[in-house]
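For reference, the chains in residue letters:
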There are 2 protein chains.
Amino acid sequence: MRILDMRECAVAVQSSMRNAAFDFGEMTTSVVAVITDRVADGKPVIGYAFNSTGRYACGDAMRARFIPRLLKAAPDSLLGQDGLIDPARAVARMAMREKPGGDAERSVPIGTIETAIWDALAKTLRKPLWAVLAERYGTGPVANRIPCYVGGGWYQPENDLEKLQDELRRHLASGYTAVKIKTGGLSLDADCRRLDAALAIIGDSQRLAVDANAAMDLPRALAYAERLAPYNLRWFEEPVGVHAYGDFARLAEAYAPPLATGENLFCRQDVANLLEFAGFRPGCDILQVDPPQAYGIAAFAEMVALLEAHGGSRSRVFPHGGNMMSFAVSAGLGLGGCEAYPGVFGIFAGYGESMTVTDGTLNLPDLPGIGFEDQPGLYALMQELAA
Amino acid sequence: MRILDMRECAVAVQSSMRNAAFDFGEMTTSVVAVITDRVADGKPVIGYAFNSTGRYACGDAMRARFIPRLLKAAPDSLLGQDGLIDPARAVARMAMREKPGGDAERSVPIGTIETAIWDALAKTLRKPLWAVLAERYGTGPVANRIPCYVGGGWYQPENDLEKLQDELRRHLASGYTAVKIKTGGLSLDADCRRLDAALAIIGDSQRLAVDANAAMDLPRALAYAERLAPYNLRWFEEPVGVHAYGDFARLAEAYAPPLATGENLFCRQDVANLLEFAGFRPGCDILQVDPPQAYGIAAFAEMVALLEAHGGSRSRVFPHGGNMMSFAVSAGLGLGGCEAYPGVFGIFAGYGESMTVTDGTLNLPDLPGIGFEDQPGLYALMQELAA
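Since we're looking at a predicted model, the values are computed, not measured.

Asks: Quick question: what am I supposed to make of the overall build of chain A here?
Replies: Each helix and strand in chain A was counted, giving twelve helices and twelve strands. Relative to the 2.2 N^0.38 estimate, which gives 21 Å for 387 residues, the radius of gyration of chain A is 20 Å and therefore close to what a compact globule would have. Seen along its three principal axes, the alpha-carbon backbone of chain A occupies a region of about 60 × 40 × 40 Å. Counting contacts in chain A only where the partners sit at least 6 residues apart, residues at least 24 apart contribute 72% of the total.

Structure representation (structure tokens):
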């Protein structure tokens, strides 16, 4: 198996959403195509991916460093014993001549390329990626539906409460049963009114999570924790600064229900530090690393293994992203579930046309690879890139 | 004061050096020009900087996000009370619409632009940057010479020991008295032979430091620590992974002489974690953050203040970089000194032509700004960028 060519293009995400920390008005993402010499079902095998949600396009680093390093590698040096490209070897090759540390600058471009290689690999094997991942990293038979909640409840500049309730009604009507809404963008009182408005629609507080997007300092997070605790919410996400491990630890002492974090951890060492220093409670708290942003799926599987070695459970892992890549990883590895962003990030959100939401679960696509082919808008853009 | 235009170009560093972790064969850097509406001594005031040593060029992020955000800002919104651009305000503006976390991806482009703004600011004030920094962040009169050691002793593919000794003789003959050599790239025994060979030239072990470039795991670092301790070296730099705070802490318990780290810490939270979790000994260990790679000089000054709040001393801070930017910061803030890379990174290494090394110290340039004008090869490239 050989990589013949690799391409990247930056695409605007076109979202007007705002959370407690920032808005998405200029957000872009890198779409990647890995063109191989394989043919499956009469079509050339091309792997696709994009760099998920919330990190800007990174094509310059790909074109200047990571793509040339892969294309210049002796092709056999990238292969596993099965004669197919080994994603971990591809990552090691891309990391050549990289200075240690500063992971976030390279974990997104490398992870996106790695994810596209998995797409090509699964297509070569004529299997869905979730099935390939289940064979390599799974713990048993794959459920044919995975739990899925909506990452929503973004702040609206006008009629926020009314729009929030309308949004949640739409999600329930669409078949979702659990949602996450933003918090920390208003005063504590106003955010609690928002929470009450959401609960009036959702009902069960175990079906509702809140997300502060790392925008609070410790005193504010502690004040929120005190008010939120009686709600017994599903989880309280990114209450404090991403690497403020000490603050997270103090909050974990003060707040009994689950905390959640991880979408801004980019390497295994970040997760190790979370477990060692942040008071992260493996049996309780939720880990949310985003695979294509954190060196890819193989690295993500190592992070899950690390969590398990600390007594944690896969059922407490919900990969960030809300896209076909995170669905495949969640299903294949047997994780707790994943988020979805229906209608929020244009063609980069949502899921395949053959997939449906029922009772808060999503069925798995039965297409080779990640299944982007089931998303016509996104797949058209990907095909254009590879043409 | 207005920013009229900003430019960036990526330049190959052209270095063949290798340390324990990686080689510099593909290394590039971003050169930046900030063109203002001010005139000083009959010339338009243009601020310059580059992204220091060891991190790749980052022009795509500058052009896509940080430069447009600054150029679109209402000019008055960037000014301090003195009517001049306030670097901290410029950083806040550049950080607009950035998702929290993932600092390494933006701290280098933002920090490089911030440093170029300082150059423009000092030129507008018709003062050397070190003098401006001494007024804002200093602790008293600025010494007219600063301590300076050579970051050298790179591994050579052939005749390594002989070339090492030749190199060190050259440094001593040039007026340097202290050097740092690489370690961790060979076996422990071979690295100790290297150390012995270096000591045979340098003499005093307090004038010799070693640098493992974050390439060791904990068992290996502990084995090195045991062998290195009796040498009582000036410091043992980056023994373990950049964010392996737990490993650093265990090493700090086992190794009495100073450890050093920080060139791969990119934000204040990284330094806070080092102080809280890594067993970093403020009275003993050395902090080496690289200002243009870590959100710039104002952010660096905050990190120094944080260290002092933990009982540390400026005399234990040696900014990474080995260039005119780190010299100005070291002198202006009254730090312990800085490194130099004579002849290693092409036009990006070394120092101004009017500067001389005597008894291990370097005199400060008396030119407005950072003083790149005193480095003809580099300044020609900068002028071309701004033309």
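So that's the structure; there's more coming.
Asks: Teacher, can you tell me more about the sheet that holds strand 3 (residues 43-50) of chain A here?
Replies: The strands making up a sheet associate through hydrogen bonds between their backbones, and the pairing can be parallel or antiparallel. All names here are of chain A. Strand order in this open sheet of three strands is 1-2-3, and the pairing throughout is antiparallel. Since the sheet does not close on itself, it has two edges, and those belong to strand 1 (3-12) and strand 3, each with one partner. Sheet twist, expressed as the mean angle between neighbouring strand axes with direction ignored, is 25°. In the sheet, strand 2 (residues 28-40) pairs with strand 3 via seven bridges, with the strands oriented antiparallel. For Ile35, the partnering residue across the bridge sits in strand 3 and is Ile46. Of the strands in this sheet, strand 1 and strand 2 touch helix 1 (residues 59-72), which is tilted by about 170° from strand 1. Strands strand 1, strand 2 and strand 3 of the sheet are contacted by helix 12 (residues 376-386), whose axis makes an angle of about 65° with strand 2.

Asks: What should I look at first to understand the relation of the copies chain A and chain B in this one?
Replies: One copy of the chain maps onto the second through a rotation around an axis plus a translation along that axis. Of the two same-sequence chains, chain A is brought onto chain B (RMSD 0.0 Å, axial shift 0.0 Å) by a rotation of 180°. In the structure described here, the two chain copies are related by an operation that fits a two-fold rotation axis. Distance from the rotation axis, computed per C-alpha, reaches its smallest value in chain A at A:Glu105: 2.0 Å. Looking at the interface residues of chain A, 100% of them are also at the interface in chain B, so both copies use one shared face.

Asks: Can you walk me through the sheet that holds strand 3 (residues 43-50) of chain B in this structure?
Replies: Residue and element names in this part refer to chain B. Taken in spatial order, the three strands line up as 1-2-3 in an open sheet, and their pairing is antiparallel. In the strand order of this sheet, the two ends are held by strand 1 (3-12) and strand 3, each with one partner. On average, each strand axis in the sheet is inclined to that of its neighbour by 25°, with strand direction left out of account. Along the sheet, helix 12 (residues 376-386) contacts strand 1, strand 2 (28-40) and strand 3; its crossing angle with strand 2, the most-contacted strand, is approximately 65°.

Asks: Help me out: how do you make sense of the nonpolar core in this one?
Replies: In summary, soluble globular proteins display a tendency toward joint burial of nonpolar side chains. If you look at the biggest cluster of nonpolar residues, it comprises 249 residues, and the most contacted ones within it are A:Val32, A:Val34, A:Ala328, B:Val32, B:Val34 and B:Ala328. Apart from the residues lying within four places of it in its own chain, the contact partners of A:Ala328 are A:Leu129, A:Trp130, A:Leu133 and A:Ile370.

Asks: I'm lost on helix 3 (residues 103-124) of chain A in this one. Help?
Replies: Residues spaced three or four apart along an α-helix point in a common direction, a consequence of the helix completing one turn every 3.6 residues. Residue and element names in this part refer to chain A. Its 22 residues place the ends of helix 3 30 Å apart at the C-alpha level, agreeing with the 32 Å of an ideal helix rising 1.5 Å per residue. In terms of burial, helix 3 is largely enclosed, as 22 of its 22 residues are buried. Downstream of helix 3 by a residue or two, Arg126 has a phi angle that is positive, lying close to 55°.

Asks: What am I meant to see in the confidence of the model for chain A here?
Replies: Predicted coordinates in areas of low pLDDT are best not read in detail. Residues at a pLDDT of 70 or more form 100% of chain A, whose mean pLDDT is 95. We note a pTM of 0.96 for the whole complex and an ipTM of 0.94 for its interfaces.

Asks: Is there a simple way to think about the interface of chain A and chain B in this case?
Replies: By a widespread convention, an interface's size corresponds to the accessible area lost as its parts come together. In this assembly, 36 residues from chain A lie in contact with 36 residues from chain B. Tallied by class, residues from the side of chain A that touches chain B come to twelve nonpolar, twelve polar and twelve charged.

Asks: Teacher, can you tell me more about the pairing of strand 3 of chain B here?
Replies: Side-chain positions along a regular strand alternate between the two faces of the sheet. Burial of strand 3 of chain B is extensive: six of the eight residues sit out of reach of the surface. The turn linking strand 2 of chain B back onto strand 3 of chain B is made up of two residues, and B:Asp41 within it adopts a positive phi angle of 50°.

Asks: When you look at the domain arrangement of chain A in this model, what are you seeing that I'm missing?
Replies: Residue and element names in this part refer to chain A. The domain boundaries assigned to chain A delineate domain 1 (3-126) and domain 2 (134-372). Taking the mean C-alpha position of each, domain 1 and domain 2 sit 24 Å from one another. Domain 1 puts 34 residues into the contact, and the matching count from domain 2 is 33 residues. Counting only elements with at least two residues in the side of domain 1 that touches domain 2, the list comes to strand 2, strand 3, helix 2 (87-94) and helix 3. With 13 residues, helix 3 is the single largest residue contributor to the side of domain 1 that touches domain 2. Looking at the side of domain 1 that touches domain 2 residue by residue, the class counts come to 16 nonpolar, eleven polar and seven charged.

Asks: Hey, could you run me through the environment of A:Ser174 in this one?
Replies: Residue and element names in this part refer to chain A. One can find Ser174 in the loop between helix 5 (160-173) and strand 5 (179-182). Ser174 gets classed as partly exposed once you count the C-beta atoms within 10 Å, which come to 14. Along the backbone, Ser174 and Glu135 are 39 residues apart, and their C-alpha atoms lie at a distance of 32 Å. Setting aside its immediate chain neighbours within four residues, Ser174 contacts Pro342 and Val357.

Asks: For this particular structure, what's the right way to read unusual backbone geometry?
Replies: In terms of backbone geometry, most residues other than glycine have negative phi values and most peptide bonds are trans. With a phi angle near 50°, A:Asp359 is a residue other than glycine that sits in the positive phi range. Following the sequence through the fold, A:Asp359 ends up in the loop between strand 11 (357-358) and strand 12 (361-363).

Asks: Sorry, what's going on with the packing of helix 2 of chain A against helix 3 of chain A here?
Replies: Two packed helices can be described by the angle between their axes and the distance between those axes. All names here are of chain A. At a minimum axis separation of 10 Å, helix 2 and helix 3 run at an interaxial angle of 150°. Taken together, helix 2 and helix 3 sit at an angle that is classed as roughly antiparallel. Judged by the twist between their axes, the crossing of helix 2 over helix 3 is right-handed. Facing Pro87, Ala90, Val91 and Met94 of helix 2, the residues of helix 3 in contact are Ile110, Ile113, Glu114, Ile117 and Trp118. Of the residues contributing to the contact of helix 2 with helix 3, the split by class is eight nonpolar, no polar and one charged.

Basis of the calculations
Residues numbered from 1 in each chain as written. Chains lettered and ligands numbered in written order. Predicted model: local features only at pLDDT ≥ 70, side-chain atom pairs only at ≥ 80, totals over all residues. Helix = DSSP H or I, 4+ residues; strand = E, 2+ residues; numbered from the N terminus. Rg over C-alpha atoms; globule rule 2.2 N^0.38 Å. Contact = placed C-beta atoms within 7 Å. Pairing = 2+ DSSP bridges. Axes fitted to C-alpha atoms, helices over the stretch in contact; angles between N-to-C directions. Least-squares fit on C-alpha atoms with pLDDT ≥ 70 in both. Core = buried A, V, L, I, M, F, W, Y, C linked by C-beta atoms within 7 Å. Buried ≥ 20, exposed ≤ 12 C-beta atoms within 10 Å, placed from the backbone. Expected span 1.5 Å × (residues − 1). pLDDT = per-residue confidence, 0-100. Nonpolar A, V, L, I, M, F, W, Y, C, P; charged D, E, K, R; others polar. Domains from an automatic or database assignment. Parallel < 35°, antiparallel > 145°, perpendicular 65-115°, else oblique. Left-handed = near helix turned anticlockwise from the far one by under 90°.

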